[in-house]
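Listed below are the residues making up each chain.
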Amino acid sequence: SKNMSQIGSLKSYTNRTILIIFAILFGLISSRALVSIGTLLLAFNLIISSKEHKWQFVKIGNFGILSGTIFFLTSLTFVLFSPDISHAFKQVYYRLPWLIIPLSIAAISKPKTINLNLVLAFFVGIISVSGMVVLVNYFSNYEYYTAQIALAKNIPTPLNHIRYSLMVAFAGLTSIYFTVKDKLYIAPNDRIFMGVASFFLFVLIHVLSVRSGLISYYLGLIFLIVYFAFYFRKFWVVPLFGLAIIAMPFIAYQAFPSFQNKVAYMKYDVEQIKAGNIGHNSDGRRWRSLKMAKVLITKKPLMGYGCGQAETVSKKYYQENFPNVAEQNQKVPHNQFLFSAIEMGVFGALAVFLVFFSPLIQKGVLRNPLYITLWIIILSSTLVENTFESQIGMSFFLVMGSLLLKHRKDE
């Protein structure tokens, strides 16, 4: 078992990095502190291993992975334009993963597919196990939580229900991919594991009924169906599965009361917005935050208000224009592009744009279906959330995105 001892040896930079990544992924569903410690360990590992990698990965050929560093460097530059320098530096400190995670993963020398598949299988596994805990808790207080959803509350999940639903979406689509593709090669029955996980995670995402997760799941599912139609040259599957995708939400609506209640609340919320009663409703608050972003950005379109200033200027805006809105309903803009534009002007929005679109022009990336799936999930989320301002959202995207970019082509 010489092969296994090589995989297990912590003498190599790659194996140490993969081990730390396992810890970070576990932290995404258990402990923010573990994610922070893991990220600092990656930085430490990168620095002490400089003899091994000699920083040779900092080259134009890796621009896809390293595009995340643009977001960090833009934030660092805009500390200079912030009226509160110490708060701005704190914000930059929170954004250190944008520098550390892409550099650490780019430094992996020869990425083994088995390593990537182990990471993906581990991720599907921990999301599935955590999902079982979530469902046991939900069904043991079934009436209570189902009623809570009708009041725009959510079923308790690890750490953050919106980011968690995005991870469930990605784990669910990854398991579908490996069930169809059968390219895991980790254990004898790994395809059965992926098949069972894909069904379980499909149920879980509908029970959770978090819209960001559901929308991103269905968008990713549509992409995977089209991808497999081309891959297997079976184009008849597109209309067939297209009809199935249209039917799925209707079936889910009948099957899951939590999903029914979410739909009912959304209808109510839209009616309230139309009537002008924005108040404390979920969509109303988002709508108001986007209108605020438009006003704020129009005033300082080029340089923004400075790194870390989004919350401060938002509060000031509410005090001046909506003094009656309770503090918990004063939301910062629920859109990553607009949020970054408030802080760093047109350069902030451009940095977010580059994070998403520069990897796509790199050779082989468009032939990597799991990266495109992740890309769809995170992009759709950033349009309705400031996904990168949360440690969980940022770390999940950076770890998975960088790893999948390291394996650019689909094997």
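Located above this text is the structure these notes cover.
The rules behind the values
- Residues numbered from 1 in each chain as written.
- Predicted model: local features only at pLDDT ≥ 70, side-chain atom pairs only at ≥ 80, totals over all residues.
- Heavy atoms only, no water.
- Helix = DSSP H or I, 4+ residues; strand = E, 2+ residues; numbered from the N terminus.
- Buried < 20%, exposed > 50% of the residue type's maximum accessible area, 1.4 Å probe, protein only.
- Contact = heavy atoms within 4.5 Å.
- Patch = residues over 30% accessible without salt bridge, like charges linked within 9 Å, V, L, I, M, F, W, Y side chains within 5 Å.
- Areas by Shrake-Rupley, 256 points an atom, 1.4 Å probe, with all protein chains shown as cover.
- Salt bridge = Lys/Arg side-chain N within 4 Å of Asp/Glu carboxyl O.
- Expected span 1.5 Å × (residues − 1).
- Arc of directions from axis to C-beta.
- Polar contact = N/O pair within 3.5 Å; in protein donor to acceptor, adjacent residues only side chain to side chain.
- Phe/Tyr/Trp six-rings, centres within 6.5 Å; stacked < 30°, edge-to-face > 60°.
- Lys NZ or Arg CZ within 6 Å of the ring centre and 35° of its normal.
- Axes fitted to C-alpha atoms, helices over the stretch in contact; angles between N-to-C directions.
- Parallel < 35°, antiparallel > 145°, perpendicular 65-115°, else oblique.
- Left-handed = near helix turned anticlockwise from the far one by under 90°.
- Nonpolar A, V, L, I, M, F, W, Y, C, P; charged D, E, K, R; others polar.

Chemist: Help me understand the overall build of the protein chain, please; the structure alone is not making it clear to me.
Modeler: For the protein chain, the count of helices and strands is 19 helices and 0 strands. Principal-axis analysis of the C-alpha atoms places the extent of the protein chain at approximately 70 × 55 × 40 Å. Expressed as a percentage of the 411 residues in the protein chain, the buried residues total 54%. Nonlocal contacts in the protein chain, meaning residues at least 24 apart in sequence, comprise 76% of its contacts between residues at least 6 apart.

Chemist: Before we go on, may I ask you to explain a nonpolar patch on the surface in this structure?
Modeler: Together, Ile 215, Leu 219, Ile 222, Val 226, Phe 230, Phe 235 and Val 238 make up a nonpolar patch on the protein surface, roughly 590 Å² of accessible area in all. Looking at which element gives the most residues to the nonpolar patch, the answer is helix α12 (residues 211-231), with 5 residues.

Chemist: Please explain the environment of Phe 223 as it appears in this structure.
Modeler: Residue position: Phe 223 is located in helix α12. In sequence terms Phe 223 and Ile 376 are 153 residues apart; their C-alpha atoms lie 8.7 Å from each other. Once residues within four sequence positions are removed from consideration, Phe 223 is found in contact with Pro 369, Ile 372, Thr 373 and Ile 376.

Chemist: Help me out: how do you make sense of the environment of Ile 372 in this one?
Modeler: Note that Ile 372 resides in helix α18 (residues 369-382). In sequence terms Ile 372 and Leu 19 are 353 residues apart; their C-alpha atoms lie 25 Å from each other.

Chemist: Is there a simple way to think about helix α3 (residues 32-48) in this case?
Modeler: Since the α-helix turns once every 3.6 residues, residues separated by three or four places project in the same direction. In this model α3 runs 25 Å from its N-terminal to its C-terminal C-alpha over 17 residues, within 8% of the 24 Å that 1.5 Å per residue would give. By the burial criterion, the buried members of α3 are Val 35, Gly 38, Thr 39, Leu 42, Ala 43, Asn 45 and Leu 46. Each buried residue of α3 sits inside an arc of 165° when the element is viewed along its axis, so together they form one side. Exposed side chains of α3 directed beyond 90 degrees from the buried face belong to Phe 44 and Ile 47. Buried positions along α3 lie against α2 (13-30), α4 (50-53), α7 (97-106) and α19 (391-406). Capping of α3 at its N-terminal end is provided by Ser 31; its side-chain oxygen lies 3.3 Å from the backbone amide nitrogen of Ala 33.

Chemist: Honestly, the pattern of salt bridges in this entry has me stumped. Any pointers?
Modeler: Two side chains bearing opposite charge may form a pair once their charged atoms approach each other closely. The final tally for this structure, using the stated rule, is 6 salt bridges. For the salt bridge of Glu 52 with Arg 16, the shortest nitrogen-to-oxygen distance reads 3.8 Å. In this pair, Glu 52 is assigned in helix α4 and Arg 16 in helix α2, connecting sequence segments 36 residues apart. One salt bridge connects Glu 327 with Lys 315, and the closest N-O pair in it is separated by 3.9 Å. Residue Glu 327 is found in the loop between α16 (310-321) and α17 (336-357), and its partner Lys 315 is found in helix α16; the two are separated by 12 residues along the sequence.

Chemist: So what exactly am I meant to see when it comes to the packing of aromatic side chains here?
Modeler: Both the distance between ring centres and the angle between the ring planes are used here to describe each pair of aromatic rings. Applying the stated criterion across every chain yields a total of 37 aromatic pairs. When the centroid spacing of 6.2 Å and the interplanar angle of 50° are considered together, the rings of Phe 202 and Tyr 217 count as tilted. Pair noted here: Phe 202 is in helix α11 (residues 190-208) and Tyr 217 is in helix α12, with a separation of 15 residues, a long-range link. For the pair Phe 228 and Phe 232, a centre-to-centre distance of 5.8 Å together with 20° between the ring planes defines the contact as stacked. Since its relative accessible area comes to 37%, Phe 232 is described here as partly exposed. Through a chain of ring-to-ring contacts, three or more aromatic side chains come together here, namely Phe 71, Trp 98, Phe 337, Phe 353, Phe 356, Phe 357, Trp 375, Phe 388 and Phe 397. Here the basic side chain of Arg 288 rests over the ring of Phe 322, its NZ or CZ set 5.7 Å away from the ring centre.

Chemist: Any chance you could explain the side chain of Lys 262 here in plain terms?
Modeler: For Lys 262, the location among the structural elements is in helix α14 (residues 257-274). For Lys 262, a relative accessible area of 16% corresponds to the buried category.

Chemist: In this structure, what is going on with the packing of α3 against α19? I would like to understand it.
Modeler: For any two helices packed against each other, one specifies the inter-axial angle together with the distance between the axes. Here α3 crosses α19 at 45°, and the two axes come no closer than 11 Å. The angle between the axes of α3 and α19 places the two elements in the oblique class. With respect to the hand of their crossing, α3 and α19 are arranged in left-handed fashion. Of the residues in α19, those touching α3 at Arg 32, Val 35 and Ser 36 are Gln 391, Ile 392 and Ser 395. Tallied by class, residues from the contact of α3 with α19 come to 2 nonpolar, 3 polar and 1 charged.

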